[in-house]
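For reference, the chains in residue letters:
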Amino acid sequence: MHEQRGERQRLRTTDRFGECQTVPVHELALLSSVVKAVENACSAAGSSEVKVVALRVGALSGAMPAALDWAWPLAVAGSVAEGAELVLEEVPAAVWCPACDTEREIDAFYTWQCPGCGQPTADLVRGREFLVSYVELEVPDHL
Ligand SMILES: [Zn+2]
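An account of the accompanying structure is given in this report. (Residues numbered from 1 in each chain as written. Predicted model: local features only at pLDDT ≥ 70, side-chain atom pairs only at ≥ 80, totals over all residues.)

1. Looking at the sheet that holds strand β6 (residues 130-138)
Part 1 of the reasoning: As summarised here, the arrangement of the 3 strands in space is β2-β1-β6, forming an open sheet in which the pairing is mixed. Sheet topology places β2 (85-91) and β6 at the edges, where each strand pairs with a single neighbour. Averaged over all pairs of adjacent strands, the angle between strand axes in this sheet comes to 15°, irrespective of strand direction.
Part 2 of the reasoning: Summarising the sheet, strand β1 (residues 49-58) and β6 pair through 8 bridges and their orientation is antiparallel. Residue pairing for β6: V50 is matched across the bridge by L137.
Part 3 of the reasoning: Where helix α2 (residues 25-45) meets the sheet, it contacts β1 and β6, and its direction lies at approximately 40° from that of β6.
Part 4 of the reasoning: Helix α3 (residues 65-76) contacts β1 and β2 of the sheet and is inclined by roughly 165° relative to β2. (Pairing = 2+ DSSP bridges. Helix = DSSP H or I, 4+ residues; strand = E, 2+ residues; numbered from the N terminus. Axes fitted to C-alpha atoms, helices over the stretch in contact; angles between N-to-C directions. Contact = placed C-beta atoms within 7 Å.)

2. A short note on the sheet that holds strand β3 (residues 94-97)
Part 1 of the reasoning: The strand order β4-β3-β5 describes an open sheet built from 3 strands, whose pairing is antiparallel. In the strand order of this sheet, the two ends are held by β4 (102-105) and β5 (124-126), each with one partner. Taking the axes of each pair of neighbouring strands and ignoring which way they run, one obtains an average angle of 40° across the sheet.
Part 2 of the reasoning: With 4 bridges connecting them, β3 and β4 associate as antiparallel partners. If you follow V95 over to β4, its bridge partner there is R104.

3. Describing the environment of V132
Part 1 of the reasoning: For V132, the position within the fold is in strand β6.
Part 2 of the reasoning: Counting along the chain gives 78 residues from V132 to A54, while the straight-line C-alpha distance between them is 6.0 Å.
Part 3 of the reasoning: Discounting residues that sit within four places of it in the chain, V132 has contacts with V34, A37, V53 and L55.

4. Let's talk about the nonpolar core
Part 1 of the reasoning: Ranked by internal contacts, the top residues of the largest apolar core, which has 21 residues, are L31, V38, V50 and V53.
Part 2 of the reasoning: Of all the secondary-structure elements, those providing two or more residues to this core are α2, β1, α3 and β6.
Part 3 of the reasoning: Excluding anything up to four places from it in sequence, V50 contacts V38, C42, V80, A81, A84, V135 and L137.
Part 4 of the reasoning: Counting residues in each nonpolar core, the second largest holds 6 residues, with A93, V95, C97 and C114 among its members. (Core = buried A, V, L, I, M, F, W, Y, C linked by C-beta atoms within 7 Å. Buried ≥ 20, exposed ≤ 12 C-beta atoms within 10 Å, placed from the backbone.)

5. Observations regarding unusual backbone geometry
Part 1 of the reasoning: Despite not being glycine, D101 shows a phi value in the positive range, around 55°.
Part 2 of the reasoning: Counting through the fold element by element, D101 comes out in the loop between β3 and β4.

Structure, rendered in structure tokens:
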């Protein structure tokens, strides 16, 4: 993503997330909120061990999957989710085209027009999600 912003941005992004030389702060902050939600779910279920956390990540959510993967162990360290597997469900961005009367996935450049007929549309139907999709917990038998 972000290819349209030119060479300088692209190289900098690769440096940050490809080589992971610095902490992806944005993704870490997002994951900290996820960990809090998972901790709440755990205490509600009487569990103290999380096996899997699955996130639904839209292409326009502002979170980069590679950075999320990388930041995950940092975000969960010392929490009930420490050691849990992170599953990322990537959601492509899509707009509603009134001319075609259907939903169309938009391309990686996120041009706000229907890829089928070229009609401009700002009606985004998905792609901004950043949600916990599901969590798998270890729940003790005696509860
Ligand atoms: Zn169309």
